Each structure stands twice: as structure tokens, then as C-alpha cells.
Amino acid sequence: MTTNQGPVRVFLAEDSLPIRKRMSEMLAEPGMTVVGEGETPQHCIHGILSARPDVVVLDAQLEGGTGLEVLRAVRDAAPDIAFVVFSNAGPAYRKRYLDAGAQRFLDKSTEIDQLVGAVAQACRPAAH
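Residues numbered from 1 in each chain as written. Predicted model: local features only at pLDDT ≥ 70, side-chain atom pairs only at ≥ 80, totals over all residues. Heavy atoms only, no water.

Draft legend 1. View of the pattern of salt bridges. Taken as a whole and assessed by the stated rule, the structure comprises seven salt bridges. Ionic pairing is found between D59 and K108, a salt bridge with its closest N-O pair at 3.2 Å. Of this pair, D59 sits in the loop between β4 (55-58) and β5 (61-62) while K108 sits in the loop between β8 (104-107) and α5 (115-122), and the two are 49 residues apart along the sequence. The two residues D59 and K108 agree in class, both being buried. A salt bridge links E111 to R94, with the nearest nitrogen and oxygen atoms 3.4 Å apart. Of this pair, E111 sits in the loop between β8 and α5 while R94 sits in helix α4 (residues 91-99), and the two are 17 residues apart along the sequence. Overall, R94 belongs to the partly exposed group, its relative accessible area being 30%. (Salt bridge = Lys/Arg side-chain N within 4 Å of Asp/Glu carboxyl O. Helix = DSSP H or I, 4+ residues; strand = E, 2+ residues; numbered from the N terminus. Buried < 20%, exposed > 50% of the residue type's maximum accessible area, 1.4 Å probe, protein only.)

Draft legend 2. Spotlight on the side chain of D107. Along the chain, D107 turns up in strand β8. With no salt bridge to any partner, buried D107 finds its closest opposite charge in R94, at an N-O distance of 5.3 Å. Beyond its immediate stretch of four places on either side in the chain, D107 contacts F86, S87, N88, R94 and I112. (Lys, Arg positive; Asp, Glu negative; His and termini not counted. Contact = heavy atoms within 4.5 Å.)

Draft legend 3. How the structure looks around the nonpolar core. Core analysis: the biggest nonpolar cluster contains 21 residues, and I48, V56, L58, V70, F83 and Y97 have the highest contact counts within it. Where this core is concerned, the elements lending two or more residues are β2 (6-13), α2 (41-51), β4, α3 (67-77) and β7 (82-87). Examining the composition of this core, we find that four residues originate from one element, α3, more than from any other. Apart from the residues within four sequence positions on either side, V70 is in contact with P41, C44, I45, I48, L58, L62 and F83. In this structure, V8, M26, L27 and V116 belong to the second largest nonpolar core, which totals 19 residues. (Core = buried A, V, L, I, M, F, W, Y, C linked by side-chain atoms within 4.5 Å.)

Coordinates in, geometry out; function isn't part of it.
Structure (C-alpha cells):
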């Protein structure tokens, strides 16, 4: 999957190094490239705004804060960046993140097999 400019550029906002490594392996698909990673809200916001990825894979809980902080800050500064939330957080979080502008919310424990497809789909324009 590629955008008009080339491969789908992905940023990983996740505080667990083993999970970031696993996501990087999963997203090592033709037409996708990981352009940055972060584990704290501030590091993620700075990294995302510097790298300008097409899609951010975002955990709800980050070291020292929440993914919602990242989503809101980046949405204000760069509304064209898509978000796929990938977390173990419950249904209340799902609604909160989708209402804040995330394209998808996947449960790490039950929907891991959907991550690559969700990232690929997130950067496509929505059909109206």
C-alpha cells in the first residue's frame, strides 16, 4: 500500500519497546515504512510533527501521560495525519479516541491481526 507520494509513512507512539518492535515487524510490508517512534507524549508529539507521517499507531497509555494528549496536540497542528489507536484500553476509551478524531481503535489482545490493514486504510480518503 502506498500513498500518492510513495510508501505509507508510519509513526509508532507506544511506551513498550517489545511491542514497538513487534509493530515494526508487522508493518515491514512492501509500501509501508516506520519513520519514527516515541514513548512519552512530548517525545511523540515532537517526533510526529517533525516526521509528518501519514499514520500514527497510538497507544492509549504512554510513559508519563496518555495518547489522547498526543492525538489532540497533533490534530490541532496537523489535521491531515491519521491515527490508529492500538491499545488494551476498554470500550470507554474506544469512544473517547474515536470522538477525538482517531480513524480506528484496535484492541491489542484481540485485533492484532487487523493492524496492517487498519494502517493502510487510515491514510485513504473517507468515502462519502
